[in-house]
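Coordinate inspection notes
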Amino acid sequence: MDDFGGIVRTRPLRVARPSCAREVADAVRRAAADGLPVAARGCGHSTAGESQAPGGVMIDMRGMRAVHDVGRDHITVDAGATWREVLDATLPHGLTPPVLTDHLDLTVGGTLSAGGVGGTSHVHGTQADNVSALEVVTRQGEIAACSASRRRGLFDAVRGGMGRHGVITRATLRLVAAPERVLVCTVPCRDAGDLVALQRRVRADHVSGQAKPAEAGWRFEAKAAVFDGTRPPEGVAPSKVERLPYRDFADRMRPDVAELVRLGEWARPHPWAMVLLPAARAAELIGEVLAGTEVRDVGLSGVVLVKALRIGRVPMLRSPADPVLFGMLRTASPGCRTAAEMAAANRRLHERAAAAGGVPYPAS
């Protein structure tokens, strides 16, 4: 058994494929009686074996992906549903979750357990900030409903808790009006400081940023998107402007993923590291890290990600007060660094981030 990271490969003693919370609870109680560890697995997009259960019980949640209710401002779904399946249910009603992951083929339970960030997180916080209620199977095998006003301790423990305090089996998510079209502006930036500053000041609905290989080091680029807008945000000078239907914008990674699958890159090891840095130190650290980084250090399809965020009231998500997400999303491509060498570089990044007042993002 492995996961998207492709580095940790273990075998569970047994696999449970539940279709309801009661069956999850049965699997958890039986594992507890046998003294076995438990791990819930959605689409297996973890990068360091978090969705695996060596010698224990792996619970495959994809059998639980039903949509139970779509209201004017909420949707209730099983935790094994992907965000693509959530959108399939909400867009016919003109609604969308306020925060979506860049890659839609991740499960609701998986990203809520990690926090879940997206391009709108500078406005709406994490996906875990936008949950109104959860159904959880606790470590003792109890099926419990929880929210901000009911069993608050459990509600706070499982959001961003990486499965340590229970298995999320159902979630009620906040919804907002979905835009019809998105104006996407590509904005060149001088350096990491310029990129972080632009993301903080720009009045856009969706912001993201990357560092990309250039002839002399790295070039920096921001994406600033305006929902149902006709003009770029004030104060930016885009090099490219696109107008996309909202669904196409939300699913913009799909063609890239298909190409990576075709090339074999999607199946290679992915030693990813993501850290949350204090904004005051982010540009300096990002610049220093990239000054010593070459293409072979991140892989042919690796991505260097920079996102300004807002972290709300999710106690399990440790974060600096004014966080910037810095992600070295490495792929161990042929002719590049090995997965072991990339993992060692990630450990050094975590150490440097800690020295600067940063913390690891839970999913890394």
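The following refers to the structure shown. (Residues numbered from 1 in each chain as written. Predicted model: local features only at pLDDT ≥ 70, side-chain atom pairs only at ≥ 80, totals over all residues. Heavy atoms only, no water.)

**So, the overall build of the protein chain**
The helix and strand tally for the protein chain stands at eleven helices and 18 strands. Computed over C-alpha atoms, the radius of gyration of the protein chain comes to 20 Å, within 12% of the 21 Å expected from 2.2 N^0.38 for 364 residues, which places it in the range of a compact globule. In terms of overall dimensions, the protein chain has C-alpha extents of about 60 × 45 × 40 Å along its principal axes. For the protein chain, with 364 residues in total, the buried portion stands at 52%. A fraction of 70% describes how many contacts in the protein chain between residues 6 or more apart in sequence connect residues 24 or more apart. A total accessible area of about 16,000 Å² is found for the protein chain, and carbon and sulfur atoms account for 50% of it. (Helix = DSSP H or I, 4+ residues; strand = E, 2+ residues; numbered from the N terminus. Rg over C-alpha atoms; globule rule 2.2 N^0.38 Å. Buried < 20%, exposed > 50% of the residue type's maximum accessible area, 1.4 Å probe, protein only. Contact = heavy atoms within 4.5 Å. Areas by Shrake-Rupley, 256 points an atom, 1.4 Å probe, with all protein chains shown as cover.)

**Considerations on the pairing of strand β16 (residues 303-308)**
Across the six residues that make up β16, a large majority, five, are buried. Summarising the sheet, strand β12 (residues 206-214) and β16 pair through three bridges and their orientation is antiparallel. Bridging across to β16, G209 finds its partner in V306. (Pairing = 2+ DSSP bridges.)

**Remarks on the pattern of salt bridges**
Under the counting rule described, the total for this entry stands at 27 salt bridges. Residues D251 and R84 are paired through a salt bridge, measuring 2.7 Å at the closest nitrogen-oxygen approach. One end of the pair, D251, is in the loop between α7 (246-250) and α8 (254-263); the other, R84, is in helix α2 (residues 83-90), and 167 residues separate them in sequence. The exposure classification of D251 matches that of R84, with both residues buried. Salt bridges here are not isolated pairs; linked through shared partners, they connect R84, D105, D251 and R254. (Salt bridge = Lys/Arg side-chain N within 4 Å of Asp/Glu carboxyl O.)

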